[in-house]
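Residues per chain, in single letters:
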Amino acid sequence: MSSVAKNAYTELVSSVRKTFNTGKTRPISFRVQQLKNMEMMIRENSNEILDALSKDLRKPKLEATLYELEIILNELKGLIKNCKKYAEADKLPVNLLAILDTAYIRKEPYGVVLVLGAWNYPVLLSLQPAMGAICAGNCVVIKPSELASHSAKLMAELIPKYMDADAYRVVLAEVEGTKDLLANKWDYIFCTGGTNVGKAVMQAAAPNLTPVTLELGGKSPCYVDESADFDLAAKRILWGKFANLGQTCIAPDYVLCSKNAEKAFLKVANIVLKEWYGDDLQGNSDIPRIVNPRHCKRLKALLETTRGKIVFGGTTDEKDLWIEPTIVVDVDGDDPLMQDEIFGPILPIITVNSIQEAIDFINGRPRPLALYSFAKNEKMNDRLIENTTSGGVCVNDTMWHMAWHGLPFGGIGDSGMGNYHGKFSFDAFSHHRSVLNRSFSVLSEKLGEARYPPYTVGKLRFFQTILKSFEFFNCTGGKYITHLLAAMIGAAIFALITYSG
Ligand code: NAD
């Protein structure tokens, strides 16, 4: 990257910061209008977006519509409706010492936010964080993934046409350019990508102590108990694994089950996959493609080196970026398939002889983004949840929790930090600023004056009594009569104690 381009990024960030400092993006009406503009952009250009997604990943129309466009529109609807409510300050109860004061939490934008999108859901993963940042009143620079170049270019073309071009910008950059962009001072960085990308981003954020949300990946385990409903479990697991040809951060990475459960699972899987895809899977337009030759080679190498036995699929065609939906059994924990997140349509099944073995297996590896448990026996699901950790959990299904309104979405440990979606997005991009507004009144000063030297036993006793009465006298700021009453009681206690001290 040339120093000219580096300087261009520095100028871009400084120009966006100037816009933020004007206060332009703060009024609720402005935020809502911008979100409505984004909605219009999606609606008016849905065909162009579907076309770009098809060029990038050969996404089928149904998958692109449901898993990108509809999620975006639904999220926008919620943010437009609730922006004002989310932005309201939270009034807090005050205690006796602050009886005439008001305490509240302001929701303030951080300032200039950088959003780094990933390639697997390239439009969704750039716009969903960005809309949360806009709703919270920030300026935003979006850097979509260069690996989904058609979608990235389209966003760079559309966003300035529909949205405020001073406050919201799109930068197209490859990895080196992204590093240069990251080297600038940001007020918040939101990154979706692999664990290594997350580490690079956190390092880049450290010199400026910039807060980050990292939406990363990892190997999400799927436990299938012998008590599961196998007809449904198999369908739901295969859907989660093979949608977007396995290139989903919360796709079930591998299955843990007993040999009996495996047999029941495979029986249904063979029927279901035939029903879904027929005999010519590569010719089936419902199946997308691997994003690029590098990832296709990586997945092919996994199929070539696994010590497991392929019981379904297994064909590859690099020229067509094709990896067939594949199931592999007799896989052990050290197998090549179990080293990194698979991020493709290969489902290894690992035999465990008890739920405890499954729990130990999961706990022996980095903390996953999602955990799936299939059992009719609820005690098994509870036991798995109770004894493991993960970003999120979905019981008796896969991936469904991601789109469930009201649930925060994010990882833990290697799978990320922070979360978003709906109100959680607003909060992720808001600084929660504490404000205590103290009164100058005589009574207020009287209640607080025992803090001043000289320190006496009476003053100490006064504070201890007041602290004990906190819970009892808690009242919400703004309720004047309650304040007055509590103030009188406080003053009486103060007088009594000082007198007796
Ligand atoms: P990617 O290559 O698209 O990279 C993600 C972003 O990081 C891009 O904008 C890219 O330009 C930038 N980037 C890449 N390398 C960088 C570096 N060294 N320094 C700074 N920036 C860099 O995506 P990827 O990492 O291949 O994405 C796949 C991973 O993302 C998988 O692990 C998947 O599980 C995870 N993912 C997570 C979520 C989630 O919501 N948690 C969603 C989608 C994907």
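Check the entry above for the structure.
What you see is a predicted model; the values in this text were computed from it and never measured.

A.B. asks: Looking at this model, I keep getting lost on the nonpolar core. Mind explaining?
C.D. replies: Considering soluble globular proteins, one finds that nonpolar side chains tend to be buried as a cluster. Grouped together as the largest cluster of nonpolar side chains are 137 residues, with contacts concentrated most on Leu127, Val224, Leu238, Leu256, Phe265, Ile327 and Ile346. Top element by residues in this core is helix H4 (residues 61-87). It accounts for 12 residues. Three or more residues apiece are contributed to this core by two domains, here domain 1 (3-216 + 423-432) and domain 2 (221-410). Apart from the residues lying within four places of it in its own chain, the contact partners of leucine 256 are Cys222, Tyr223, Val224, Ile350, Val352, Ala358, Phe361 and Ile362. In this structure, Leu57, Ala148, Val291 and Phe343 belong to the second largest nonpolar core, which totals five residues.

A.B. asks: How do you make sense of the sheet that holds strand E6 (residues 168-170) when you look at a structure like this?
C.D. replies: Strand pairing in a sheet is mediated by backbone hydrogen bonds. Such pairs are either parallel or antiparallel. Strands sit in the order E6-E5-E4-E7-E8-E18 across an open sheet of six strands; the sheet is mixed. Because the sheet does not close on itself, it has two edges, and the strands there are E6 and strand E18 (416-417). Across four bridges, strand E7 (residues 188-192) lies against strand E8 (residues 212-215) in parallel orientation. Bridged to phenylalanine 190 within E8 is threonine 213. Strand contacts of helix H8 (residues 195-205): strand E4 (112-116), E7, E8 and E18, with the helix running at about 175° to E8, the strand carrying the most contacts.

A.B. asks: Just to check I follow, could you spell out the side chain of serine 258 for this structure?
C.D. replies: Summarising the element assignment, serine 258 is placed in the loop between strand E10 (252-257) and helix H10 (259-277). Setting aside residues up to four positions removed in sequence, serine 258 forms contacts with Glu226, Thr351 and Val352.

A.B. asks: Would you explain the environment of isoleucine 80 in this entry?
C.D. replies: Relative to the helices and strands, isoleucine 80 is located in helix H4. Sequence-wise, isoleucine 80 and glycine 411 are 331 residues apart; in three dimensions their C-alpha atoms are separated by 26 Å. Here isoleucine 80 is in contact with Val32, Leu35, Lys36 and Glu39, once residues within four sequence places are set aside.

A.B. asks: Looking at this structure, how should I read the packing of aromatic side chains?
C.D. replies: Overall, the coordinates contain 12 aromatic pairs when judged by the stated rule. Between tyrosine 67 and tryptophan 239 the ring centres are 6.2 Å apart and the planes differ by 70°, which places this aromatic pair in the edge-to-face class. One end of the pair, tyrosine 67, is in helix H4; the other, tryptophan 239, is in helix H9 (residues 230-242), and 172 residues separate them in sequence. Exposure remark for tyrosine 67: the relative accessible area of 18% places this residue in the buried category. Arranged with centres 5.5 Å apart and planes meeting at 65°, the rings of tyrosine 188 and phenylalanine 429 form a pair that is edge-to-face. Taken together, the positions of tyrosine 188 in strand E7 and phenylalanine 429 in the loop between helix H14 (423-428) and strand E19 (430-437) put the pair 241 residues apart, joining distant regions of the chain. If you follow lysine 59 out to its NZ or CZ, it ends over the ring of tyrosine 121, 3.8 Å from the centre.

A.B. asks: Is there a simple way to think about the sheet that holds strand E11 (residues 309-312) in this case?
C.D. replies: Ordered by their spatial adjacency, seven strands build an open sheet running E11-E14-E15-E10-E9-E16-E17, and the pairing between neighbours is mixed. Looking along the sheet, the strands with just one partner apiece sit at the ends: E11 and strand E17 (392-395). Adjacent strand axes in the sheet meet at a mean angle of 25° when their direction is disregarded. Note that strand E14 (residues 326-329) and strand E15 (residues 346-351) share three bridges and pair parallel. The residue bridging isoleucine 327 from the neighbouring strand is leucine 347, located in E15. Its contacts with the sheet place H9 against strand E9 (220-224), E10, E14, E15 and strand E16 (370-374), and it is angled at close to 150° to E10.

A.B. asks: It is not clear to me how the site of the ligand should be interpreted in this structure. Could you clarify?
C.D. replies: Lining the immediate environment of the ligand, one finds 26 residues, of which Lys143, Ser145, Glu146, Leu216 and Glu341 sit closest. Glutamate 146 places a side-chain nitrogen or oxygen 2.7 Å from an oxygen atom of the ligand. A distance of 2.8 Å separates an oxygen atom of the ligand from a polar backbone atom of glycine 194. Protein contacts shield 91% of the accessible area of the ligand, which totals 850 Å² for the unbound molecule. Counting only elements with at least two residues in the shell around the ligand, the list comes to helix H7 (175-182) and H8. The element contributing the most residues to the shell around the ligand is H7, with four residues.

The rules behind these values
Residues numbered from 1 in each chain as written. Predicted model: local features only at pLDDT ≥ 70, side-chain atom pairs only at ≥ 80, totals over all residues. Heavy atoms only, no water. Core = buried A, V, L, I, M, F, W, Y, C linked by side-chain atoms within 4.5 Å. Buried < 20%, exposed > 50% of the residue type's maximum accessible area, 1.4 Å probe, protein only. Helix = DSSP H or I, 4+ residues; strand = E, 2+ residues; numbered from the N terminus. Domains from an automatic or database assignment. Contact = heavy atoms within 4.5 Å. Pairing = 2+ DSSP bridges. Axes fitted to C-alpha atoms, helices over the stretch in contact; angles between N-to-C directions. Phe/Tyr/Trp six-rings, centres within 6.5 Å; stacked < 30°, edge-to-face > 60°. Lys NZ or Arg CZ within 6 Å of the ring centre and 35° of its normal. Near = heavy atom within 4 Å. Polar contact = N/O pair within 3.5 Å; in protein donor to acceptor, adjacent residues only side chain to side chain. Areas by Shrake-Rupley, 256 points an atom, 1.4 Å probe, with all protein chains shown as cover.

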